[in-house]
Amino acid sequence: MIHETHHIDTRLIHAGEPEKRICGAVSLPVFQSSTYEYAGQSSYDELKYIRMNNTPNHEVLHKKLAALENAEAALVMASGMAAISTTLLALFSPGDHILVQDCLYGGTQDFIVSDFVPLGFQFDFIDADDPASWASKLKPNTRGLYVETITNPLLQVGDLKALAAFAGANGLIAMIDNTFATPVNFRPAEWGYDISLHSCTKYLNGHSDIVAGAVIGKDTLLKKIAHKLIHLGGSLDPHACFLLHRGMKTLALRVRYQNRSALAIAEALVAHPAVDRVNYPGLPDQPGHGRARELLEGFGGMVSFELKGGLEAAERFMQRVTVPIVAPSLGGVETLITRPATTSHAGMSAGERQAAGITDSLIRLSVGIEDTRDLIDDFENALKK
Ligand SMILES: *Cc1c(COP(=O)(O)O)cnc(C)c1O
């Protein structure tokens with residue numbers, strides 16, 4: 001049994017698990033069945049079927065994810081983008097206007113600009129660091145606010161407290177993509193957010209072997225999203241549910257290790273003469289550092305940096321490192337390294353990237369769970385003349 005007083009490490013293991021273990025099984029088995037015997041359900045949404053996202057493998061995750069963020073309810077989905085697109089299409093109607101942070105995950109920004117707007121929705125960008133500018137962006141039809149806890153790839157932390165208060169004061173649904181922070185470092189419901197979104201592909205699963213997403217938040221909103229989900233069909237496959245469930249149990253161990261390792265690596269990079277600039281919210285010279293200290297329990301496992309010598313130096317470094325794998329994506333047990341201009345942000349034009357402060361030579365690191373000393377040694381060797 002899980003109690004209100006149990007901490008996140010205990011909740012990760014026990015929250016949402018069936019009260020009576022199925023055939024005594026300690027690990028919940030995969031229910032590889034598309035349909036289930038009719039049990040007198042009175043509505044379509046309640047039929048047990050994989051697309052209804054309501055098999056035992058889904059339900060354990062829904063309860064566990066809600067418990068991790070101290071929220072009312074949760075839903076898993078087929079990917080982070082399924083969670084984001086289904087949420088926006090469920091909570092808003094054509095003609096509605098939303099405010100969105102001006103440096104979102106590339107897929108989210110592209111969905112809003114290329115799909116949401118042609119369907120008749122409206123949006124305006126806001127600077128999450130400039131509360132004085134937000135009121136002028138409100139319109140009579142503004143209904144929502146969408147931000148990210150830690151931005152990609154510059155790893156900035158906006159004024160998250162003021163954003164939630166602004167949404168509350170103006171009747172907006174406050175949504176936050178909490179992928180980079182994870183429920184270990186930040187729990188949006190505790191700070192006034194109505195909806196938290198995750199790409200579970202990243203830290204929640206943590207093993208780079210599935211794609212999955214989640215929406216966590218207010219029960220009334222989650223019911224609407226669940227109904228839209230069964231129409232759009234972005235439900236998570238039970239086997240992927242099983243892998244996510246297994247991966248999640250070690251979330252707190254992994255994330256706390258990654259918090260410590262990323263901080264040590266960021267500090268080593270700052271001290272290195274070949275490094276020009278390091279972005280990491282845990283460094284005292286970063287603009288959002290005071291805020292990050294107040295809001296976050298850890299600064300996360302993502303670091304980005306630029307070398308002296310620009311693009312050529314960046315390419316040489318990426319060819320020389322031996323421990324990290326050169327690959328996009330993040331949040332797994334293995335350290336991954338990428339240049340956002342060629343991967344995560346390749347969908348933006350060169351002009352858009354420049355305006356957002358993403359240079360071609362910027363390197364992004366997703367710190368895994370290898371020994372920190374091996375990573376720092378590897379980076380020092382790669383930086384040798
Ligand atoms: C990866 C990512 C997404 C999209 O998730 P998928 O699982 O790839 O669909 C959304 N937001 C952030 C911050 C991400 O890093």
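Residues numbered from 1 in each chain as written. Predicted model: local features only at pLDDT ≥ 70, side-chain atom pairs only at ≥ 80, totals over all residues. Heavy atoms only, no water.

**Points about the overall build of the protein**
On a plain count of helices and strands, the protein comes out with 13 helices and twelve strands. Taking 21 Å as the expected radius of gyration for a compact globule of 385 residues, we find that the protein reaches 21 Å, a close match to that expectation. Across its three principal directions, the C-alpha atoms of the protein cover 70 × 55 × 35 Å. Counting every position in the protein, which comprises 385 residues, the buried fraction comes to 54%. Of the contacts formed within the protein by residues at least 6 apart in sequence, a portion of 71% connects residues at least 24 apart. Surface summary for the protein: the accessible area is close to 16500 Å², and the carbon and sulfur share equals 54%. In the protein, 34 positive and 43 negative side-chain charges are present, and the distance between their average locations comes to 3 Å. (Helix = DSSP H or I, 4+ residues; strand = E, 2+ residues; numbered from the N terminus. Rg over C-alpha atoms; globule rule 2.2 N^0.38 Å. Buried < 20%, exposed > 50% of the residue type's maximum accessible area, 1.4 Å probe, protein only. Contact = heavy atoms within 4.5 Å. Areas by Shrake-Rupley, 256 points an atom, 1.4 Å probe, with all protein chains shown as cover. Lys, Arg positive; Asp, Glu negative; His and termini not counted. Charge placed at Lys NZ, Arg CZ, Asp CG, Glu CD.)

**What about the site of the ligand?**
Around the ligand, the surrounding shell holds 13 residues, and the nearest of these are M81, D177, S199, T201 and K202. Between the ligand and the protein, one listed contact pairs an oxygen atom with a backbone N or O atom of M81 at 2.8 Å. Residue T201 places a side-chain N or O atom 2.6 Å away from an oxygen atom belonging to the ligand. The fraction of the free accessible surface of the ligand (380 Å²) that becomes covered by protein chains is 90%. For the shell around the ligand, the element with the highest residue contribution is helix α3 (residues 80-91), accounting for three residues. (Near = heavy atom within 4 Å. Polar contact = N/O pair within 3.5 Å; in protein donor to acceptor, adjacent residues only side chain to side chain.)

**Description of the nonpolar core**
Of all hydrophobic cores here, the largest spans 79 residues; its most connected members are L65, L160, L163, L244, V303, F305 and F317. Top contributing element to this core by residue count: helix α9 (residues 251-271), with seven residues. A domain split of this core shows at least three residues from each of domain 1 (8-248) and domain 2 (251-384). Filtering out sequence-adjacent residues up to four positions away, L163 remains in contact with I126, A128, W134, L145, V147 and Y193. Among the nonpolar cores identified, the runner-up in size contains 28 residues, and L88, L104, I112 and I195 belong to it. (Core = buried A, V, L, I, M, F, W, Y, C linked by side-chain atoms within 4.5 Å. Domains from an automatic or database assignment.)

**Observations regarding the side chain of T149**
Along the chain, the position of T149 falls in the loop between β4 (142-148) and α5 (160-169). A polar contact of 2.8 Å, which involves the side chain of T149, links it to the side chain of N178. Among all residues touching T149, those that are not within four sequence positions of it are Q156, V157, L160, I176, D177, N178, A181, F186 and L296.

**Let's talk about the sheet that holds strand β10 (residues 325-326)**
Spatially, β8-β9-β12-β11-β10 is the arrangement adopted by the five strands of the open sheet, whose pairing is mixed. In the strand order of this sheet, the two ends are held by β8 (275-279) and β10, each with one partner. Of the strand pairs in this sheet, strand β11 (residues 336-338) and strand β12 (residues 363-366) are connected by three bridges, and their pairing is antiparallel. In the strand pairing of β12, I337 is matched with L365. (Pairing = 2+ DSSP bridges.)

**Brief notes about the packing of aromatic side chains**
Within this structure, the stated rule accounts for eight aromatic pairs. Between F116 and F121 the ring centres are 3.9 Å apart and the planes differ by 5 degrees, which places this aromatic pair in the stacked class. As far as burial versus exposure is concerned, F116 and F121 are alike and both buried. Centre to centre, the rings of F317 and F379 are 5.6 Å apart; their planes meet at 55 degrees, and the pair counts as tilted. Note that F317 is positioned in helix α11 (residues 310-320) and F379 in helix α13 (residues 372-383), a separation of 62 residues in sequence. You'll find F317 and F379 in the same group, each marked buried. Here a set of aromatic residues connected by ring pairs shows up, and it is made of F111, F116 and F121. (Phe/Tyr/Trp six-rings, centres within 6.5 Å; stacked < 30°, edge-to-face > 60°.)

**A closer look at the environment of V255**
Residue placement: V255 occurs in helix α9. As for V255 and G332, which are separated by 77 residues in sequence, their C-alpha atoms are 10.0 Å apart. Those residues in contact with V255, other than ones at most four positions away along the chain, are T182, V184, N185 and Y203.

**What about the environment of G233?**
On the secondary structure map, G233 appears in the loop between α7 (219-232) and α8 (238-248). The sequence separation of G233 and A67 amounts to 166 residues, and the corresponding C-alpha distance is 25 Å.

**Some words on helix α4 (residues 106-116)**
Three or more residues of α4 are buried, namely T108, Q109, F111, I112 and F116. Buried residues of α4, seen end-on, are gathered within an arc of 160 degrees and therefore sit on one face of the element. Those residues of α4 hidden inside the fold are in contact with α3, β2 (97-101), β3 (122-126) and β4. (Arc of directions from axis to C-beta.)

**Re the domain arrangement of the protein**
Examined at the domain level, the protein breaks down into domain 1 (8-248) and domain 2 (251-384). Summarising the inter-unit geometry, the C-alpha centres of domain 1 and domain 2 are found 26 Å apart. Interface area for domain 1 against domain 2, summed over the two sides, is near 3100 Å², with a carbon-plus-sulfur share of 59%. At the junction of domain 1 and domain 2, the tally comes to four salt bridges. Note that D9 and R256 form a salt bridge whose closest N and O atoms lie 2.8 Å from each other. Applying the counting criterion to the domain 1 and domain 2 interface returns 18 residue pairs in polar contact (both at pLDDT 80 or more). Mapped onto the side of domain 1 that touches domain 2, the elements with two or more residues apiece are α1 (8-14), α5, α6 (182-185) and α8. (Buried area = accessible area lost by both parts, 1.4 Å probe. Salt bridge = Lys/Arg side-chain N within 4 Å of Asp/Glu carboxyl O.)

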